[in-house]
Amino acid sequence: MRGDLTDEEWAIIGNLLPPERGRWSRPAQDNRLFLNGMLYVLRVGCPWRDMHERYGKWNSVYVRFRRWAEQGVWDALLETLVELGLTDDWQHMIDSTVVRGHCPPSGSMGRNW
């Protein structure tokens, strides 16, 4: 699918991700599939529940995304990519739930129409 990791990108990133184990020590599903699902949600800005079904169950992808965030996987991945010279360290994300506009855009001033 458009936007999925290429084989070249996966060759670099794949070994930087932690191995996953499923229930009862069974191997978990493919990290590449999960990462592509995560990137899809982040790229298109959809809710996790609306993730394309080709990436698997949305909740499984979300749980792994959160676990990697809690374990510092994302920070370590970015740091390694910066050290390898494959990206800049200027990348930042803004969560729109904490961005506030001044009164008129938020509608609190009302309009006299």
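Quick look at the structure, then.

The rules behind these values
- Residues numbered from 1 in each chain as written.
- Predicted model: local features only at pLDDT ≥ 70, side-chain atom pairs only at ≥ 80, totals over all residues.
- Heavy atoms only, no water.
- Helix = DSSP H or I, 4+ residues; strand = E, 2+ residues; numbered from the N terminus.
- Buried < 20%, exposed > 50% of the residue type's maximum accessible area, 1.4 Å probe, protein only.
- Contact = heavy atoms within 4.5 Å.
- Salt bridge = Lys/Arg side-chain N within 4 Å of Asp/Glu carboxyl O.
- Axes fitted to C-alpha atoms, helices over the stretch in contact; angles between N-to-C directions.
- Parallel < 35°, antiparallel > 145°, perpendicular 65-115°, else oblique.
- Nonpolar A, V, L, I, M, F, W, Y, C, P; charged D, E, K, R; others polar.

Within the protein, the regular secondary structure consists of five helices and zero strands. Element order for the protein, N to C, with α for helix and β for strand: α-α-α-α-α. With 113 residues in all, the protein has 25% of them scored as buried. Pairs at least 24 residues apart make up 50% of the contacts formed inside the protein by residues separated by at least 6 positions.

One side chain can pair with another of opposite charge once the charged atoms of both are near each other. Applying the stated rule across the entire model yields three salt bridges. Close ionic contact of Asp7 with Arg32 constitutes a salt bridge, the shortest N to O distance being 2.9 Å. Residue Asp7 is found in helix H1 (residues 7–13), and its partner Arg32 is found in helix H2 (residues 31–44); the two are separated by 25 residues along the sequence. Residue classification places Asp7 among the exposed positions, given a relative accessible area of 55%. The partner of Arg66 in a salt bridge is Glu70, with the nearest N and O atoms 3.5 Å apart. With a gap of four residues between them, Arg66 and Glu70 both fall in helix H3 (residues 58–71), about one helical turn apart.

Attention now moves to the packing of H2 against H3. At a minimum axis separation of 9 Å, H2 and H3 run at an interaxial angle of 90°. Taken together, the axes of H2 and H3 are roughly perpendicular relative to one another. Across the interface between the two elements, Asn31, Phe34, Leu35, Gly37, Met38 and Leu42 from H2 touch Ser60, Val61, Arg64, Phe65 and Trp68 from H3. Of the residues assigned to the contact of H2 with H3, the class counts are seven nonpolar, three polar and one charged.

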